[in-house]
Amino acid sequence: KGMIIDDEAWAISCLSQIGYYRLSAYWHPFKVRSAADGVDSERLKDGTRFEYIFALYQYDRALRQLILEGVEIIEVSLRVEVAYRLGQKDRFAYNRPDLLSTRFCKADVNGVSNFDRWHETYQVKLRRPNEDFTKHIIDKYGQPLPIWASVELWEFNQLVFFLSGLRHDDAS
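We now turn to the structure provided with this report.

Turning to the overall build of the protein, a few remarks are in order. Along the backbone of the protein there are nine helices and two strands. For the protein, the sequential pattern of α-helices and β-strands runs α-α-β-β-α-α-α-α-α-α-α. Its C-alpha radius of gyration of 25 Å places the protein more than 25% over the 16 Å reference for a compact globule of 172 residues. Dimensions of the protein, computed from C-alpha atoms along their principal axes, come out at roughly 65 × 40 × 30 Å. For the protein, the exposed surface amounts to about 11100 Å²; the carbon and sulfur share of it is 56%.

Taken together, the side chains of Leu56, Tyr59, Leu63, Ile67, Val71, Phe156 and Val160 make up a nonpolar region of the molecular surface, amounting to roughly 600 Å² of accessible area. The set of elements that each furnish at least two residues to the nonpolar patch consists of helix H3 (50-89) and helix H8 (156-163). Take the nonpolar patch: its biggest share by element is five residues, from H3. Tracing the backbone through its elements, the reader meets Ile67 in helix H3.

A separate point is the packing of aromatic side chains. Enumeration according to the criterion identifies 16 aromatic pairs in this entry. Judged by centre distance (5.4 Å) and plane angle (65°), the ring pair of Tyr20 and Trp27 falls under edge-to-face. On the accessibility criterion, Tyr20 (36% relative accessible area) is partly exposed. Geometrically, the ring pair formed by Trp118 and Phe162 is tilted, given 4.8 Å between the ring centres and 50° between the ring planes. One end of the pair, Trp118, is in helix H5 (residues 114-127); the other, Phe162, is in helix H8, with 44 residues separating them in the sequence. Take Trp118 and Phe162: they sit in the same class, and that class is buried.

Here the bond from Gln143 into Pro144 is cis, since omega is 0°, no more than 30 degrees from zero. Secondary-structure assignment places Pro144 in the loop between helix H6 (132-141) and helix H7 (147-150).

So, about the packing of H5 against H8. At their nearest, the axes of H5 and H8 sit 10 Å apart, and the two run at 155° to each other. Classified by the angle between their axes, H5 and H8 sit roughly antiparallel to one another. Of the two possible hands of crossing, H5 and H8 adopt the one that is left-handed. Judged by residue contacts, Asn114, Arg117, Trp118, Thr121, Tyr122 and Lys125 of H5 engage Gln158, Phe161 and Phe162 from H8. Taken together, the residues that form the contact of H5 with H8 break down as four nonpolar, three polar and two charged.

Buried within H6 we find Thr134, Ile137 and Ile138. Considered in projection along H6, the buried side chains sweep an arc of 95° and stay on one side of the axis. Facing away from the buried side of H6, by more than 90 degrees, are the exposed residues Asp132, Asp139 and Lys140. At the exit of H6 stands Gly142, carrying a positive phi of roughly 70°.

Thresholds applied
- Residues numbered from 1 in each chain as written.
- Predicted model: local features only at pLDDT ≥ 70, side-chain atom pairs only at ≥ 80, totals over all residues.
- Heavy atoms only, no water.
- Helix = DSSP H or I, 4+ residues; strand = E, 2+ residues; numbered from the N terminus.
- Rg over C-alpha atoms; globule rule 2.2 N^0.38 Å.
- Areas by Shrake-Rupley, 256 points an atom, 1.4 Å probe, with all protein chains shown as cover.
- Patch = residues over 30% accessible without salt bridge, like charges linked within 9 Å, V, L, I, M, F, W, Y side chains within 5 Å.
- Salt bridge = Lys/Arg side-chain N within 4 Å of Asp/Glu carboxyl O.
- Phe/Tyr/Trp six-rings, centres within 6.5 Å; stacked < 30°, edge-to-face > 60°.
- Buried < 20%, exposed > 50% of the residue type's maximum accessible area, 1.4 Å probe, protein only.
- Axes fitted to C-alpha atoms, helices over the stretch in contact; angles between N-to-C directions.
- Parallel < 35°, antiparallel > 145°, perpendicular 65-115°, else oblique.
- Left-handed = near helix turned anticlockwise from the far one by under 90°.
- Contact = heavy atoms within 4.5 Å.
- Nonpolar A, V, L, I, M, F, W, Y, C, P; charged D, E, K, R; others polar.
- Arc of directions from axis to C-beta.

Below you can see the structure in the form of structure tokens.
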């Protein structure tokens, strides 16, 4: 394909750790594009080095880690804020549809609300505590859990879904 590989042993090591197909996505920008139809060929631009491809992969990996770190900071802040705001109203506020938005708690044509859907996923997690942390919280607080303990058990998608059910004054 025309890639320059100065250190074949290192390249093989990289490929064995990362995988050919994952790494191959990073050399697509280096493919020769046909002037006639704009289609990429399998040939790479002159001077394309394996080191460039690997550096692009490392950059992407570092960027992804930074983004995930930022998402974690936001996630923790959201958990704390939900626990604080709703905990002021009732320590079991997540179990009380009257403290959530009517839209979130309104049943659909099948008689099931978004609150019901959310609550069921939460109950499934409680019925199958497969993490030591979950077992510890249940043992310490009993059930129902106070909201400040409960939010720590929610999966990220459960947290986001629950946020959609907050009343406007609690969400802002």
